[in-house]
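Descriptive analysis of the structure
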Amino acid sequence: MSTIIPQLIIGTTDLAAAFLFLYGLKRMSSPVTAPSGIFVAGLGMLVAILASFLYVFSVSAAARPHLAVNVGLALVALALGGGIAWWSGRKVALTAMPQMVALYNGMGGGAAGAIAAVELFGNKAQGLAQLVVTLLGALIGAVSLSGSVIAWAKLDGVIKKPLRVRGQQAVNALVMLATLVVGGYIAFVTQSGVEPLIPMPELITLFFGCALVFGVLMTLPIGGADMPVVISIYNALTGLAVGFEGFVLQNPALMIAGMVVGAAGTLLTLLMAKAMNRSVGNVVFTNFGTPAKHKQGNIKGSLKPVEAGDAGIFMRYASKVIIVPGYGLAAAQGQQKLYEFVKLLQAGGVDVKFAIHPVAGRMPGQMDVLLAEAGVPYDLIFQLEDINDQFAGADVALVIGANDVVNPAARTDKSSPIYGMPILNADKAKKVYVVKRGEGKGYAGIVNALFYGDNCNMVYGDAQAVLGKMIEAVKGLGLAAAA
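Below: a short report on this structure. (Residues numbered from 1 in each chain as written. Predicted model: local features only at pLDDT ≥ 70, side-chain atom pairs only at ≥ 80, totals over all residues. Heavy atoms only, no water.)

This part covers the environment of G72. Relative to the assigned elements, G72 resides in helix α3 (residues 67-91). In this structure the C-alpha to C-alpha distance between G72 and L303, which are 231 residues apart in sequence, comes to 64 Å. (Helix = DSSP H or I, 4+ residues; strand = E, 2+ residues; numbered from the N terminus.)

Structure below.
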């Protein structure tokens, strides 16, 4: 009877935690309710963690002498993890958020792999089905861990460019095949009782080693333009790994949370790939996202610089302005200045809207978060499919720090590596201003034909400084910012 009540409480709280996860995820579907959704999902995680301490009432007699030490270690780990997460969450810049997400994805995969390791080394998996699920969770978790670490290194600039060698895809296939063979051999030996050729601990270690190596090899050749999709892939893998290990532990909260994250991550990955007009396999197994050997001979015209103040005054007298934010805006931390400028335009009667490309920035949704941080009302923010037709009727398209997502070569140049990718039709506006620090290329490594258009002018400089000059120029006309 002493274990019935704790088990009942654990089961109830697991279901409550699962409900909070699902409800929180539902609220995250809208920018308006996303903050409360994150809080609700976090509360669900807290409930699940606290309930897990009730397992102390059902430990085996052999483990009871170590109970105090293990509980102490768990509390220390909880305090350290929570403290580091709280500190890093407060200190991290928005431009570094993709790196943090990549690391958190990796930690989730690593946690699932660690659970699987305990099950495998302790020979706790009962039956072939449970053993296979454990091995799958171990494989996916290990790949997610090492792959996410490489993704973080790429996003953080530790690894400057993709690393490719001749025959790399064949090597990757061999490593994956070796991992599957070792995993299959572990399952065969465990179920048949046959003496393994090498001790089981070394066999399990080899399995994890191969999986970790595969995660590294799979991610190294992927270019920067594909990082939003890569992050989403590893998010899905982490969820699947957690769900599999939840099945092994017979933990409903882990199973539900893992499957929800896996399903959401898979859907997001497909949406990201669709936004680039490519398949997920094309992202993982091709060379997109690196400087391309692409001839630019079909681009005519010249770059036409203009002063920031002149551009700002021109927009003041426009009727409709559509703004396309990109990673350059986040890097310059210019979102607050941008919204200040927008309010000045609105005070002068200008219709202002924001156009967001699904893969703008380095992480799905990064531009939405950037604008929300500045306080931009949600009814001014539109996704590609909702606003693309409006560019033709806009007096001005203001592109800030974006590149490939507004490159018309995606529509017109079949030799371009981004041909077929849906883009924002900024080039169809009557006038285009592009704010950039210099004449650098985007992640795809190609020149942007938009910059050479007859209707396009370049405004060179740091986005925050440029927007500051635009604000000064408009205020010089005697206008006050909108309340």
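There's more to say after this.
If you check helix α7 (residues 200-219), its first and last C-alpha atoms are 29 Å apart, about what 20 residues at 1.5 Å a residue would give, namely 28 Å. Regarding α7, the residues found buried are L203, I204, F207, F208, C210, A211, F214, G215, L217, M218 and T219. (Expected span 1.5 Å × (residues − 1). Buried < 20%, exposed > 50% of the residue type's maximum accessible area, 1.4 Å probe, protein only.)

Further remarks concern the packing of aromatic side chains. Tallied over the entire structure, the rule returns 3 aromatic pairs. With centroids separated by 6.0 Å and ring planes inclined at 5 degrees, the aromatic side chains of F19 and Y23 adopt a geometry described as stacked. Linking F19 with Y23, this pair stays in helix α1 (residues 4-27), spanning 4 residues, or about one helical turn. In this structure Y23 comes out as partly exposed when scored by relative accessible area, which is 38%. Between the aromatic rings of F314 and Y433, the centroid separation amounts to 5.9 Å while the plane-to-plane angle is 75 degrees, which identifies the pairing as edge-to-face. Of the two residues, F314 sits in helix α11 (residues 308-316) while Y433 sits in strand β5 (residues 431-436), which places them 119 residues apart along the sequence. One residue, R316, lies across the ring of Y317, its end atom 4.8 Å from the ring centre. (Phe/Tyr/Trp six-rings, centres within 6.5 Å; stacked < 30°, edge-to-face > 60°. Lys NZ or Arg CZ within 6 Å of the ring centre and 35° of its normal.)

Before going further, it helps to spend a moment on the packing of helix α4 (residues 97-121) against helix α8 (residues 227-249). The N-to-C vectors of α4 and α8 enclose an angle of 25 degrees; their axes lie 9 Å apart at closest approach. The angle between α4 and α8 falls in the class roughly parallel. Here α4 and α8 pass one another in a crossing that is left-handed. The residues of α8 that touch α4, namely those facing P98, V101, N105, G108, G109, A112, I115, A116 and E119, are I231, Y234, N235, T238, A241, V242, E245, V248 and L249. Partitioned by chemical class, the residues of the contact of α4 with α8 number 11 nonpolar, 5 polar and 2 charged. (Axes fitted to C-alpha atoms, helices over the stretch in contact; angles between N-to-C directions. Parallel < 35°, antiparallel > 145°, perpendicular 65-115°, else oblique. Left-handed = near helix turned anticlockwise from the far one by under 90°. Contact = heavy atoms within 4.5 Å. Nonpolar A, V, L, I, M, F, W, Y, C, P; charged D, E, K, R; others polar.)

Our next topic: helix α6 (residues 168-192). Here α6 spans 36 Å end to end across 25 residues, near enough to the 36 Å set by a 1.5 Å rise per residue. Burial in α6 covers these residues: Q168, N172, V175, M176, T179, V182, G183, I186, A187 and V189. Of the surrounding secondary structure, the elements contacted by the buried residues of α6 are α5 (127-155) and α7. G193 lies just past α6 and shows a positive phi near 80 degrees.

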